[in-house]
Every structure is written in C-alpha cells, then in structure tokens.
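Letter by letter, the chains look like this.
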Amino acid sequence: MSKFRVPQRALLAAAVVLAASAAGVQAADDAYLTEAKAYIAKVTASGAPWTGPTTGPKAQGKKLVIYVSQDQRNGGAQGVGDGAKEAAKVIGWDYRIIDGQGTVSQHTTALNEAIALKPDGIILGTIDAKEQAPVVEHAVKLGIKVVGWHSSGAPGPVADPPVITNITTEPVEVGKAAALYAVVDSNGTAGTVVIGDNLYAISTVKTDAATAAVKGCKGCTTLAFEDTPIADVANRMPQLTTTLLAKYGKKWTYAIAVNDLWFDFAAPSLQAAGINPDGGYPRMISAGDGSVPAFQRIREHHYQIGTVAEPLNLHGWLCIDELNRAFAGEKPSGFVPPPHLFIAANLDHDGGPNNNYDPENGYRDIYKKIWGM
C-alpha cells in the first residue's frame, strides 16, 4: 500500500469542485448558444422596416458620376454598381462604370482614368481607400466628391485619405452573424476555417469578428485563418480546399469567408472529394455579399447554407444619395443598413426569389421623394 494516501473527504471535495466547474462551463456555453440562437433569429427575420433617412436635399442638377469597381467579376462590387446606375438614371445624372480588374495596379489605372474624365463624383466600389490613398487625395484636391463602398474597415467618414463616407453594413455584425450561424447550426460544436484577404481593411474586420464569435463558444474551434487574395481566388481556392480537407478531415465542419466568391471555387473541390452537398461537412457560410451563385447554392442545398447578403442595389442608391448630399454641402446621412442572413428558410422574401437581397421596405420611393422626383 502506498504511503501517499489521499483522505476520502479530500477526494469527495475535489470531485465536488470539478463537478461544479464543469457545470459552470456548461451553463456558460448553454447561455452563449441561447444568445446566438436569439441573434440568428433576429438577423434572419424578413421584412425589416426602413431605418434610413426620410429627408435630405433635392436633386442637385446634372452631374457626372463614375463608379470605379474593384472587379466586375465580384458580385458585390458589380451589384452596387448596378444599383448606383439605376439611381443615377432616376436622379438625372450621367454615369459610367470603370472596371479595376482585381489588381492594385489596375485599380490605380482605373481611378486615374476616372479623374481624367473630370467627374463631379467618384464611387470607390470595394477599392480600399488606403490602398489608393495618393490617387484619392489627388481627386479630392481637384474638387471631386469621393464616397466609398467597402473602402474602409467601418461605415462612415474616412479621414485619411479623405472619403466623404464609407457605405457598408456594419462589418463587425456581418462577421459575427456568419460565425454565430455556424455555432447555432452545429449546436455549439463548430470546427471552423475563416477565409479572407488582409489587403482590405473591411475583410480584416469581418474575419476578426467571426473569429471572436467562434471563440465565445467553448465547444467550438477556429482551426485556421487563411489569408487568400481575392484577386487570385480562382487559382488558389481549389487547391487550398483540397489541402484543408487533407489536413483537418472531419474536424473541419464550417468554412466562413468574407465573400461568396471564394466558395465559387471551393464547391467543385468538395464535390470532387465526395462530400455530400446536402448535409455533409464542411458547410459554407459567407459574411457578404450575397451573390447569385450563393443564393443558388443555398436554395439547392449545395454546400453553402448561408450568406450575410448585403442590400447591394440599396447600397448603390445610398451612394448616389450621399453624393447628392455632398453636392448640396450637407453632411452624410449616417445610415448603416442592418445585417441580414439568408438561409434556406427565408429565401422567399426580400429579393431572395431573384437571387439577391433587395429589402421590401420601399427604399426606391423614399429616395425619390427625398430628391423631389
């Protein structure tokens, strides 16, 4: 018999402490899951009322506005450009789109081409303001009004370089919504890989928020963060998906990306690996933008189960409204649309049947009334 004997009462006390500790962890995790379910119920609700501006300056006469797109292959950038085109026609302005073709050098070329046309306003369509700071500063010095869409890590005015306002759904909430859906769908056991492009400030904000949301779930794990350039996603994502499957196997149950575009090129690799598209793992959730292929994948139960779609057309109208306010010498409206998560259960509302997020809140008529059209 060992001379190192532990008194029975001590063993019982230790057991009680361990049980209490385990119960506390379980209670905390249950509380987190309950909060996550409530949050997901809120962001998946259909028909949210209008919370944007109802007053503002009348249309400021004939203007030339140029939308410089990060890449017209990006459904988000393209969708906002289309919305701004629609709004510009309504307000009576001339409008052009220049494609930045997805690279830093082409972004610079596109912006310089826009400046050479001597426009009244420029919209940065997912072009990071800091990436193009010298060109943006040059445009502003020439008296051109510049607004951004996904051009900074937060909504609102940008000081350096000077951008009147950056239009976006709050990126922290977008990243949080995508991650918490993984938490809820897994019942608190998600093994996630988070994918983004650190070249863009808004991407970093989203991935940080998603990682933090997963970390709050004690039974969940962030297996990896993959910094993958969106400009080269077609080449990189197929092999990256295969590599992640080989490395993590069944531990990898959810992929969270800051844009649906990554999943366009991940899905074929999952199919090639024999993953069941309906009910298999990993399942894909996007923290923006709500592309047509993403809606189709969700509807068809083809690997992707959610997208925190942004109201791209509405954001385009908002870009035009913010420029109109700037032309009138007024401050930005400060409007930040709330996040909305599309899943299979709510695809019949808010533009879902047309494979986009177009809120059923009458925003077109509201802006027309503001502009006096």
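Counting of residues starts from 1 at the beginning of each chain's written sequence and follows it residue by residue. Reporting in this predicted model follows two pLDDT cut-offs: at least 70 for local features of residues, and 80 or more for side-chain atom pairs to be given and counted; totals over whole chains, interfaces and linings ignore these cut-offs and use all residues. The side-chain numbers reported here are obtained from all heavy atoms of the structure, hydrogens and water having been left aside.

## Structural notes on the overall build of the protein
Line of reasoning, step 1. Per the convention used, a helix needs a DSSP run of H or I reaching at least four residues, while a strand needs a run of E reaching at least two, with both numbered from the N terminus. Tallying secondary structure elements over the protein gives eleven helices and eleven strands in all.
Line of reasoning, step 2. Dimensions of the protein, computed from the C-alpha atoms along their principal axes, are close to 95 × 40 × 40 Å.
Line of reasoning, step 3. Of all 373 residues assigned to the protein, the portion counted as buried reaches 52%.
Line of reasoning, step 4. Residue contacts follow a heavy-atom distance rule, with two residues in contact if any of their heavy atoms lie within 4.5 Å. The contacts in the protein between residues at least 6 apart in sequence include a share of 75% that link residues at least 24 apart.
Line of reasoning, step 5. Using a 1.4 Å probe, the Shrake-Rupley method yields the accessible areas, and only the shown protein chains count as cover for residues. Approximately 16300 Å² of the protein is accessible, and the part contributed by carbon and sulfur atoms is 55%. Here's how the labels work: a residue is buried when its accessible area is under 20% of the maximum for its type, exposed when over 50%, partly exposed in between, all with a 1.4 Å probe on protein chains only.

## Quick notes on the packing of helix H5 (residues 171-185) against helix H6 (residues 201-215)
Line of reasoning, step 1. Their axes nearest at 7 Å, the elements H5 and H6 cross at an angle of 35°. Crossing of H5 over H6 shows right-handed handedness. Contact residues: H5 offers Pro171, Val172, Val174, Gly175, Lys176, Ala179, Leu180 and Val183, while H6 offers Ile202, Val205, Lys206, Ala209, Ala210, Ala213 and Val214.
Line of reasoning, step 2. Note that Gly is not counted as nonpolar here; it falls among the polar residues with everything else outside the nonpolar set of Ala, Val, Leu, Ile, Met, Phe, Trp, Tyr, Cys and Pro and the charged set of Asp, Glu, Lys and Arg. Partitioned by chemical class, the residues of the contact of H5 with H6 number twelve nonpolar, one polar and two charged. Lines fitted to C-alpha atoms define the axes, with helix axes restricted to the stretch in contact, and inter-axis angles between N-to-C directions lie between 0 and 180 degrees. For any helix crossing, the convention is left-handed if the near helix is rotated counterclockwise from the far helix by under a right angle, and right-handed if that rotation is clockwise.

## Looking at the pairing of strand E1 (residues 64-69)
Line of reasoning, step 1. Most of E1 sits inside the fold, with five of its six residues counted as buried.
Line of reasoning, step 2. At least two DSSP bridges between two strands are required for those strands to pair. Taken together, the six bridges between E1 and strand E2 (residues 94-99) define a ladder with parallel strand orientation. The partner of Ile66 across the bridge, within E2, is Arg96.
Line of reasoning, step 3. Look down the strands so they point away from you; if going from the first strand over the helix to the second traces a clockwise path, that crossover is right-handed. For the crossover from E1 across helix H2 (residues 75-91) to E2, the handedness is right-handed.

## So, helix H11 (residues 363-371)
Owing to its 3.6 residues per turn, the α-helix aligns residues three or four sequence positions apart on the same side.
Line of reasoning, step 1. All of the buried residues in H11 are Tyr363, Tyr367, Ile370 and Trp371. Each buried residue of H11 sits inside an arc of 90° when the element is viewed along its axis, so together they form one side. Facing away from the buried side of H11 by over 90 degrees, the exposed positions are Asp365 and Lys369.
Line of reasoning, step 2. Phi turns positive, to about 75°, at Gly372, one or two residues after H11. Regarding the arc, it is the one traced by the directions from the helix axis to the C-beta atoms.

## Remarks on the sheet that holds strand E9 (residues 254-257)
Line of reasoning, step 1. Spatially, five strands are ordered E8-E7-E9-E10-E11 in an open sheet, and the strand pairing comes out parallel. Each having just a single partner strand, strand E8 (221-227) and strand E11 (304-307) make up the two edges of the open sheet. Ignoring which end each strand starts from, the neighbouring axes of this sheet average 20° apart.
Line of reasoning, step 2. Bridge count for E9 against strand E10 (residues 283-286) is four bridges, and the pairing is parallel. Across the sheet, residue Tyr254 finds its bridge partner in E10, namely Arg283.

## Here we look at the pattern of salt bridges
Line of reasoning, step 1. Counted as salt bridges are all cases of a side-chain nitrogen of Lys or Arg within 4 Å of a carboxyl oxygen of Asp or Glu. Enumeration over the complete set of coordinates arrives at eight salt bridges.
Line of reasoning, step 2. Here Asp71 makes a salt bridge to Arg73, at a shortest N to O gap of 2.6 Å.

## A short note on the confidence of the model for the protein
Line of reasoning, step 1. Residue-level confidence of the predictor, termed pLDDT, takes values from 0 up to 100. Residue-level pLDDT values for the protein average 92, and 92% of them are 70 or greater.
Line of reasoning, step 2. Low pLDDT, under 50, characterises residues 1-7; the predicted model gives this stretch one contact beyond four residues in sequence or across chains.
Line of reasoning, step 3. Long-range and interchain partners of residues 9-25, a stretch whose pLDDT sits below 50, account for one contact in this model, where long-range means more than four residues apart.

## Points about the sheet that holds strand E4 (residues 145-149)
Line of reasoning, step 1. Here six strands make up an open sheet; going across it, the order is E2-E1-E3-E4-E6-E5 and the pairing mixed. Each edge of the open sheet carries a strand with a single partner, namely E2 and strand E5 (156-158). Across the sheet, the axes of successive neighbouring strands diverge by a mean angle of 25°, strand direction being ignored.
Line of reasoning, step 2. In this sheet, strand E6 (residues 163-167) lies alongside E5 in antiparallel orientation, the contact comprising two bridges. Among the inter-strand pairings, Val158 is bridged to a residue of E6, identified as Val163.
Line of reasoning, step 3. Contacting E1, E2 and strand E3 (121-125), helix H3 (residues 104-116) runs over the sheet at an angle of about 155° to E2.

## Points about the packing of aromatic side chains
Line of reasoning, step 1. Centre distance within 6.5 Å is the pairing criterion for rings of Phe, Tyr and Trp, where only the six-membered ring of Trp is used; planes under 30 degrees apart are then read as stacked, over 60 as edge-to-face, and the remainder as tilted. Tallied over the entire structure, the rule returns ten aromatic pairs.
Line of reasoning, step 2. When the ring of Trp50 is compared with that of Tyr367, the centres are 5.7 Å apart and the planes differ by 85°; the resulting orientation is edge-to-face. Of this pair, Trp50 sits in the loop between helix H1 (8-43) and E1 while Tyr367 is found in helix H11, placing the two residues 317 residues apart along the sequence. The burial state of Trp50 is the same as that of Tyr367; both residues are buried.
Line of reasoning, step 3. Relative to Phe327, the ring of Trp93 lies with its centre 5.4 Å away and its plane at 65°, an arrangement referred to as edge-to-face. Pair noted here: Trp93 is in the loop between H2 and E2 and Phe327 is in helix H10 (residues 312-327), with a separation of 234 residues, a long-range link. For the pair Trp93 and Phe327, a shared accessibility class is recorded, and that class is buried.
Line of reasoning, step 4. Members of the aromatic cluster, joined through ring pairs, are Trp50, Trp317, Phe335, Tyr363, Tyr367 and Trp371.
Line of reasoning, step 5. Throughout this description, the term charge over a ring refers to an Arg CZ or Lys NZ atom that lies within 6 Å of the ring centre and within 35 degrees of the ring normal. When the ring centre of Phe327 is taken as origin, the NZ or CZ atom of Lys63, which lies over that ring, is 4.9 Å away.

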